[in-house]
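# Reading the structure
Residues per chain, in single letters:
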Amino acid sequence: MMKKGFYGTALAAVLLLGACSSDDAAEDAKTEATDKAKDKDKDTEAVTKETNKKVEEKIAKKNEGAVEKKVDFKTDEDVKKAIEKEKGVDSANVLVTEANGKDYVMVDITVSNDSKAKAKKLATKYAKSLKKQHAKKIVDVRVILNQDVLAQKILK
């Protein structure tokens, strides 16, 4: 009887130890997997940084000796304010610039929904007016509602 009690207690102890050790093994496996994933991320990050550096060096070498072209945009605040005083005009942007060897006056007029009908008139009016002021420049006037171009007038 005593042997059965001893074996029963020993068996319970072994099962308990076995259960505890299997949890540790599972945790160790998870920890190892997490560590490997972190190492992989670090390796990927290092490769990405190295690749980016090589690409930047190639671009710099390709552009070596190239003259950087200065982009020069000017705004005409007087014209902008005059356009914005129009009934139904929400906002306006007026840019005077040079691109591809040509001078431009570009105007975007954003209108409200109730001014949709007079979009073409607005475009024509301001295109003609700006062409008088900037005779040698290409004038491009767009009337916009919700990012849709309602009317556009280009005078060369």
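Here, the structure is the one placed above.
From a predicted model like this one, the values you see are computed outputs, not experimental measurements.

With that settled, the discussion passes to helix α3 (residues 119-133). For α3, spanning 15 residues, the distance from its first C-alpha to its last is 21 Å, which sits close to the expected 21 Å at 1.5 Å a residue. Of all the positions in α3, only A119, L122, A123, Y126, A127, L130 and K131 are classed as buried. When α3 is viewed along its axis, its buried side chains cluster within an angular range of 150 degrees and face the same direction. Counted as exposed and oriented over 90 degrees from the buried face of α3: K121 and K132. Among the structural elements, α2 (77-84), β2 (89-99), β3 (102-111), β4 (138-145) and β5 (148-155) are those in contact with the buried residues of α3.

Among the nonpolar cores identified, the biggest contains 21 residues, and I83, V107, I109, V141 and V143 are the most heavily contacted of them. With residues near it in sequence (within four places) discarded, V141 still touches V107, I109, A123, Y126, A127, L130, A151, Q152 and K153.

This brings us to the environment of K153. With respect to the helices and strands, K153 occurs in strand β5. It is 6.6 Å that separates the C-alpha atoms of K153 and R142, two residues lying 11 residues apart in sequence. The contact partners of K153, leaving out residues within four places of it in the chain, are A123, T124, A127, V139, D140 and V141.

Within the secondary structure, D76 sits in the loop between β1 (74-75) and α2. According to the relative accessible area criterion, D76 is buried, its value standing at 19%. The spatial distance from the C-alpha of D76 to the C-alpha of V94 is 5.8 Å, given a sequence separation of 18 residues.

Here the focus is the sheet that holds β1. A sheet is described by the order of its strands in space; here five strands give the open sequence β1-β2-β3-β4-β5, paired in mixed fashion. Edge positions in the open sheet fall to β1 and β5, since each of these has one partner strand only. Here β4 pairs with β5 via seven bridges, running antiparallel. If you follow R142 over to β5, its bridge partner there is Q152. Together, β1, β2 and β3 form the strand contacts of α2, whose direction differs from that of β2 by roughly 155 degrees.

In the Ramachandran plot, N146 falls in the positive-phi region, its phi being about 50 degrees despite a non-glycine side chain. Tracing the backbone through its elements, the reader meets N146 in the loop between β4 and β5. Non-glycine residue Q147 carries a positive phi angle of around 70 degrees. Tracing the backbone shows Q147 in the loop between β4 and β5. For Q147, a relative accessible area of 76% puts it in the exposed group.

Tracing the backbone shows D140 in strand β4. For the buried D140, no salt bridge exists, and the shortest N-O distance to an oppositely charged side chain is 5.5 Å, to R142. What D140 contacts, discounting residues up to four positions off in sequence, is V105, M106, V107, Q152, K153 and I154.

Rules of the game
Residues numbered from 1 in each chain as written. Predicted model: local features only at pLDDT ≥ 70, side-chain atom pairs only at ≥ 80, totals over all residues. Heavy atoms only, no water. Helix = DSSP H or I, 4+ residues; strand = E, 2+ residues; numbered from the N terminus. Expected span 1.5 Å × (residues − 1). Buried < 20%, exposed > 50% of the residue type's maximum accessible area, 1.4 Å probe, protein only. Arc of directions from axis to C-beta. Contact = heavy atoms within 4.5 Å. Core = buried A, V, L, I, M, F, W, Y, C linked by side-chain atoms within 4.5 Å. Pairing = 2+ DSSP bridges. Axes fitted to C-alpha atoms, helices over the stretch in contact; angles between N-to-C directions. Lys, Arg positive; Asp, Glu negative; His and termini not counted. Salt bridge = Lys/Arg side-chain N within 4 Å of Asp/Glu carboxyl O.

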